[in-house]
Amino acid sequence: MTAGVQRILGVVVLTVALCTSIAVYVWSLTRSPQTATRSVDLTLQTVGALGPKYDKPDWVSYLVRDRGGKWLHSTSLEVPANSLVRVTIHQYDSATGLRNPFFARPQGTTGNVIQLDGKTVDVIDPDLTSHTFAIPQLGVFVPLPGVADNAKNQCDAAPCTAAQAHRTITFTFRTGRKGRYRWQCFVPCAAGFLTGFGGPMQRLGYMDGFLNVV
């Protein structure tokens, strides 16, 4: 075999290998969105007091809506891995205020923004914050503005309804690999407890819980 033929064969082999690599890469791109673009909805509400039907009627709390539309007193949330989570939070409590104004800016959400009553915002007044939805391990931190003190038809017992005074906050964030992640509120909203961080702030099922990524 002459040197010229060897060179031609070498070029052919390299070309075939390169084309094969490109084909495999393109195939992998067409396959990955099947999991990366999966989406799920998560709907929550926050209330200033659970009401007489619960064990701790005066405690502030989160509730989650199940697939059947029923509100559950639970902070154990489940979402799929490698997915886009579309969160809606109906916020019925009045303002308490942030200790650190830095957290008045949404973090870890798509575009680092939220939709507040249908309007896109990237910061809220820290003095008007009622609660937060935060997943520190995922870098997600969302401030939730409170209902005005003089708002009409305020909710005094959970679950609250759409007809009662509230703010609606929506946002999206992405999950990665499977795992169990702690989420919580960072506003000192436990009235009657030292510095506002006792009681419901330290009890699973009220102002903190787990996000189970499965």
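What comes next is a walk through the structure. Bear in mind that the values here come from a model prediction, so they are computed numbers and not experimental data.

### Considerations on the layout of surface pockets
- The space that makes up the largest pocket amounts to roughly 460 Å³.
- Looking at the largest pocket, it is lined by 17 residues, and the ones nearest its centre are V40, D41, L42, R67 and E78.
- Ranked by residues supplied to the lining of the largest pocket, first place goes to strand 1 (residues 38–47) with 5 residues.
- Taken together, the residues of the lining of the largest pocket break down into 8 nonpolar, 3 polar and 6 charged.

### Let's talk about the nonpolar core
- Ranked by size, the top nonpolar core spans 35 residues in total, and within it F133, F171 and L211 carry the most contacts.
- Leave out the neighbours within four places in its chain, and F171 touches V85, R86, V87, I89, T109, V113, I114, Q115, F133 and V142.
- One finds L63, W71, A158 and C160 within the second-largest nonpolar core, a separate group that totals 11 residues.

### What about the environment of L98?
- Positionally, L98 belongs in the loop between strand 5 (83–91) and strand 6 (114–116).
- A residue is classified by how much of its surface remains accessible, and L98, at 13% relative accessible area, is buried.
- Spatially, the C-alpha atom of L98 lies 9.1 Å from that of T132, the residues being 34 residues apart in sequence.
- Setting aside residues no more than four positions away along its own chain, L98 makes contact with F103, A104, P126, T129, T132 and V187.

### Concerning the pattern of salt bridges
- Taken as a whole, this structure holds 4 salt bridges when the rule is applied.
- Among the salt bridges present, the one from D41 reaches R86, with a minimum N-O distance of 2.7 Å. Here D41, found in strand 1, pairs with R86, found in strand 5; they are 45 residues apart in sequence, far enough to count as distant.
- Close ionic contact of R105 with D122 constitutes a salt bridge, the shortest N to O distance being 3.9 Å. You can see R105 sitting in the loop between strand 5 and strand 6 and its partner D122 sitting in the loop between strand 7 (119–121) and strand 8 (129–135), a full 17 residues away along the chain.
- The exposure class of R105 is partly exposed, given its relative accessible area of 45%.
- Accessibility expressed as a relative area gives 41% for D122, which makes it partly exposed.

### Focus: the state of the cysteines
- For the coordinates displayed, the defined rule picks out 1 disulfide.
- Each sulfur in the disulfide pair C155 and C160 lies 2.0 Å from the other. Handedness of the C155-C160 disulfide follows from its S-S torsion of about -85 degrees: it is left-handed.
- Taking the relative accessible area as the measure of exposure, C160 reaches 4% and is therefore buried.

### Structural notes on the sheet that holds strand 7
- If you walk across this open sheet you meet the 7 strands as 3-2-1-5-10-6-7, and the pairing is mixed. Edge positions in the sheet fall to strand 3 (71–72) and strand 7, since each of these pairs with one other strand and no more.
- Bridge analysis of strand 6 against strand 10 (residues 167–174) gives 2 bridges, and the strand direction is antiparallel. In the sheet register, Q115 faces strand 10, and the bridge partner there is T170.

### Thoughts on the environment of V142
- Along the chain, V142 falls in strand 9 (residues 140–145).
- We classify V142 as buried; its relative accessible area is 0%.
- For the pair formed by V142 and P106, sequence separation is 36 residues and the distance between their alpha carbons is 4.8 Å.
- Residues contacting V142, with those up to four places away along its chain left out, are T109, I114, H131, T132, F133, I169 and F171.

Cut-offs applied
- Residues numbered from 1 in each chain as written.
- Predicted model: local features only at pLDDT ≥ 70, side-chain atom pairs only at ≥ 80, totals over all residues.
- Heavy atoms only, no water.
- 1 Å grid on protein atoms, 1.4 Å probe; cavity = no way out; pocket = protein on both sides within 12 Å on 5 of 7 lines; lining within 4 Å.
- Points joined across faces, edges and corners; volume = space filled by probe spheres on them.
- Helix = DSSP H or I, 4+ residues; strand = E, 2+ residues; numbered from the N terminus.
- Nonpolar A, V, L, I, M, F, W, Y, C, P; charged D, E, K, R; others polar.
- Core = buried A, V, L, I, M, F, W, Y, C linked by side-chain atoms within 4.5 Å.
- Buried < 20%, exposed > 50% of the residue type's maximum accessible area, 1.4 Å probe, protein only.
- Contact = heavy atoms within 4.5 Å.
- Salt bridge = Lys/Arg side-chain N within 4 Å of Asp/Glu carboxyl O.
- Disulfide = S-S within 2.5 Å.
- Pairing = 2+ DSSP bridges.

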